[in-house]
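Spelled out from the first residue to the last, the chains are:
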Amino acid sequence: MPIDYLQKILTAKVYDVAIESPLDVAPTLSQRLDNRVLLKREDQQPVFSFKLRGAYNKMAHLPPAQRAKGVIAASRGQSRAGRRRSRRRRSAAGRRS
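In this text, all values refer to a predicted model and were calculated from it rather than measured experimentally.

All right, on to the overall build of the protein chain then. What the protein chain contains, in helices and strands, is five helices and four strands. Going through the 97 residues of the protein chain one by one, you find that 29% of them count as buried. In the protein chain, the proportion of contacts linking residues at least 24 apart, taken out of those at least 6 apart, comes to 48%. Accessible area for the protein chain stands at about 7,100 Å²; split by element, carbon and sulfur atoms hold 53% of it.

Take a look at the structure:
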């Protein structure tokens with residue numbers, strides 16, 4: 001992995017709202033595959049999903065004027081929850097759909 005890509009990951013604004021979720025060993029799968037298998041625990045995020053990262057990253061890169069016009073979440077579940085949490089954190093107008 002190139003260093004600049006790793007640097008982007010480590011300094012991403014998503015950590016304003018997301019946690020650095022743990023990696024857990026999957027012992028049964030590791031044994032079956034004869035390799036160490038790690039699971040990224042995105043279910044530990046505030047909205048129980050990795051979708052928070054994408055939603056927040058998108059909002060963080062919107063120009064303030066565009067963000068002020070509002071953001072509409074047109075889906076349900078974890079994706080919508082991620083956008084709602086991001087919208088609140090980035091002070092964007094919005095409404096539920």
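Look at aspartate 34: it is not a glycine, yet its phi comes out positive at around 55°. By the element assignment, aspartate 34 lies in the loop between helix H2 (27-33) and strand S2 (38-40). Since its relative accessible area comes to 72%, aspartate 34 is described here as exposed.

Taken as a whole and assessed by the stated rule, the structure comprises three salt bridges. Among the salt bridges present, the one from glutamate 42 reaches lysine 40, with a minimum N-O distance of 3.9 Å. Residue lysine 40 is classed as partly exposed on the basis of its relative accessible area, which comes to 43%. Between arginine 41 and aspartate 43 there is a salt bridge, with the nearest N and O atoms lying 2.6 Å from each other. What makes arginine 41 partly exposed here is its relative accessible area of 23%. Each of Asp24, Arg41 and Asp43 takes part in one network of salt bridges that share partners.

Moving on: the side chain of serine 30. Within the secondary structure, serine 30 sits in helix H2. Look past the residues within four positions of serine 30 in its chain and what remains in contact with it is Val25, Asn35, Arg36 and Val37.

Relative to the assigned elements, serine 49 resides in the loop between S2 and helix H3 (51-60). Look at serine 49 and you get buried, because its relative accessible area is 4%. It is 9.9 Å that separates the C-alpha atoms of serine 49 and alanine 18, two residues lying 31 residues apart in sequence.

The rules behind each value
Residues numbered from 1 in each chain as written. Predicted model: local features only at pLDDT ≥ 70, side-chain atom pairs only at ≥ 80, totals over all residues. Heavy atoms only, no water. Helix = DSSP H or I, 4+ residues; strand = E, 2+ residues; numbered from the N terminus. Buried < 20%, exposed > 50% of the residue type's maximum accessible area, 1.4 Å probe, protein only. Contact = heavy atoms within 4.5 Å. Areas by Shrake-Rupley, 256 points an atom, 1.4 Å probe, with all protein chains shown as cover. Salt bridge = Lys/Arg side-chain N within 4 Å of Asp/Glu carboxyl O.

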